[in-house]
Amino acid sequence: MTRHDDDTERTFAALPPAHGRGFAQTWWGQVWLKALEDTALDSAQLKAGRRLARAGAVGAVSVRPGRLTAVVQDQDGTAHRADVLLETLSPGQWDRLLDMTVERAGHVAALLDREMPPHLVEDAAAEGVELLPGLGDLEPECDCGTWDHCGHTAALCYQLARLLDQDPFVLLLMRGRAETDVLADIQSRSGAPASGSSAPEGVDAAEAYAAGDILPPLPALPELPDKPGAPPSLDTETPPAPGVDPAALEFLAARTAARAHRMLAEVARGVFGPEPPVAGPEQAVAQDAVRLAAGDPDRDVTDRLAAGSGRGRAGLATAVRAWRYGGADALSVLDEEWRVEGGALARARAALESAWDADERPPLRMRGNRWTVVGAPVQLRLGRDGRWWPYRQERGRWVPAGGAAQDPATALAAVELAAGEGAAPCSGRRRPAAGPGC
């Protein structure tokens, strides 16, 4: 859960699917849902909302005075921004509510325990303050175009019932006051600390450690979702701070979620990818720009990455292609030209000699770690780890044409497969000992 600096907006991370359980366990959460179900004119939309909420299709929920916001995904993956509006209390209503609350210590204690006692709601109603929504109080807005509650706004309401179960201050924030403001007002009216108690005494560490064998076991880990969660929607009425690009932040959050999901999946399977090499600060920033661009951001973000990396749009597109073929290793081969000499040169020449029969070997011209096929727009590049990377020339630019191979003939075959040209400069039958032929 994220609290903003002024505490007038809270963002709750997307909740996991609610399989096999009701949406509201507390009485105030059930009253919230009753207000939804009594208002909605189409029961089919309510059922659709329940299905979406149970499936975990509701993204992060933003709560601020008078409004809820979340991105809800249909079963086909289409995302919709859903909003639900609730009228805020007037300053006079807040004064009556808070004055009534401090007169009854039990009300304050219940709120501090994250509970909404029925007597507090009844006493507030007697003062002309309706805390919980009633018939027609939940006003829907959705970009799907439905004028009444649709499946997306209904799903948002069902999800909020789960949040209300955990913290009734969410409702108070919708009614217009942040938790810190409510507690500060209660304290100023009562003249005593809002907590009502001193700090708890500590627990001796040795005693806690000795009791470890009688504590219940930790709960089982939750199942990994099939796909990463949706990032919070930053399309709110709050203007961004200077220098903050909401679209870029949403993209970064989505890529971070995708990367975390992949890493968790590797842990769950017990299969781990190779550790990336340690890069210097400048190299790491350059690699990050390409890695992020490989996530297919929108045009504005892509332009920023192209400018920030110094590659330009065409250069960044080539770098992204290399990244998709082999990550940081492929990017190094794209960017670096280095002199092959000594043992590395001897091994490279031996690999080239053994890859083809003498009368079938394509003529190659060497420059640094790059061997270009004479008379053809095809090139082999040698990585520092001894692997060969295929390249071809497109519009005067050398671009990656496949992943790395231990054998140069196999790498050249990848150029043919990528271009769909059939037999090319490396045509002919290879020696069986060299692996698959061109």
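Residues numbered from 1 in each chain as written. Predicted model: local features only at pLDDT ≥ 70, side-chain atom pairs only at ≥ 80, totals over all residues. Heavy atoms only, no water.

Caption draft 1: A look at the overall build of the protein chain. When helices and strands are tallied, the protein chain shows 15 helices and 11 strands. In the protein chain, the share of contacts with a sequence separation of at least 24, taken over all contacts with a separation of at least 6, comes to 62%. Accessible surface, the protein chain: about 23,900 Å² in total, of which carbon and sulfur atoms supply 54%. (Helix = DSSP H or I, 4+ residues; strand = E, 2+ residues; numbered from the N terminus. Contact = heavy atoms within 4.5 Å. Areas by Shrake-Rupley, 256 points an atom, 1.4 Å probe, with all protein chains shown as cover.)

Caption draft 2: Inspection of the environment of W32 at higher detail. Within the secondary structure, W32 is located in helix α1 (residues 27–39). Classification of W32 as buried rests on a relative accessible area of 0%. Residues W32 and P133 lie 101 residues apart in sequence; the distance between their C-alpha atoms is 6.4 Å. Dropping the residues within four chain positions of it, W32 is found in contact with L68, L86, P133, L138, C157, L160, A161, L164, L171 and M174. (Buried < 20%, exposed > 50% of the residue type's maximum accessible area, 1.4 Å probe, protein only.)

Caption draft 3: View of the nonpolar core. Among the nonpolar cores identified, the biggest contains 57 residues, and W32, V63 and L160 are the most heavily contacted of them. Per element, the largest residue contribution to this core is 9 residues, and it comes from helix α6 (residues 151–166). L160 has contacts with W32, V61, V63, L68, V170 and M174, leaving out every residue within four places of it along the chain. Counting 22 residues, the second largest nonpolar core, distinct from the first, contains L305, A319, A330 and V333. (Core = buried A, V, L, I, M, F, W, Y, C linked by side-chain atoms within 4.5 Å.)

Caption draft 4: Summary view of the side chain of E179. Position of E179 relative to the elements: it lies in helix α8 (residues 179–190). Polar side-chain contacts of E179 include one of 2.8 Å to the side chain of R114. (Polar contact = N/O pair within 3.5 Å; in protein donor to acceptor, adjacent residues only side chain to side chain.)

Caption draft 5: Region of interest: helix α12 (residues 299–309). Residues V301, T302, L305 and A306 constitute the buried set of α12. Seen from one end, α12 has its buried residues packed into an arc of 140°, which puts them on one side. Exposed side chains of α12 directed beyond 90 degrees from the buried face belong to R299, D300, A307 and G308. Immediately downstream of α12, the backbone of G310 shows phi near 75°, a positive value. (Arc of directions from axis to C-beta.)

Caption draft 6: Representation of the sheet that holds strand β10 (residues 388–394) within the structure. If you trace the 5 strands from one edge of the open sheet to the other, you get β7-β8-β9-β10-β11, paired in antiparallel fashion. Only two strands of the sheet have a single partner each, and these edge strands are β7 (364–367) and β11 (397–400). Taken pair by pair, the neighbouring strands of this sheet meet at an average axis angle of 30°, ignoring direction. The pairing of β7 with strand β8 (residues 370–373) spans 4 bridges and is antiparallel. Across the sheet, R365 pairs through a bridge with T372, a residue of β8. Contacting β8, β9 (378–382), β10 and β11, helix α13 (residues 312–335) runs over the sheet at an angle of about 50° to β11. (Pairing = 2+ DSSP bridges. Axes fitted to C-alpha atoms, helices over the stretch in contact; angles between N-to-C directions.)

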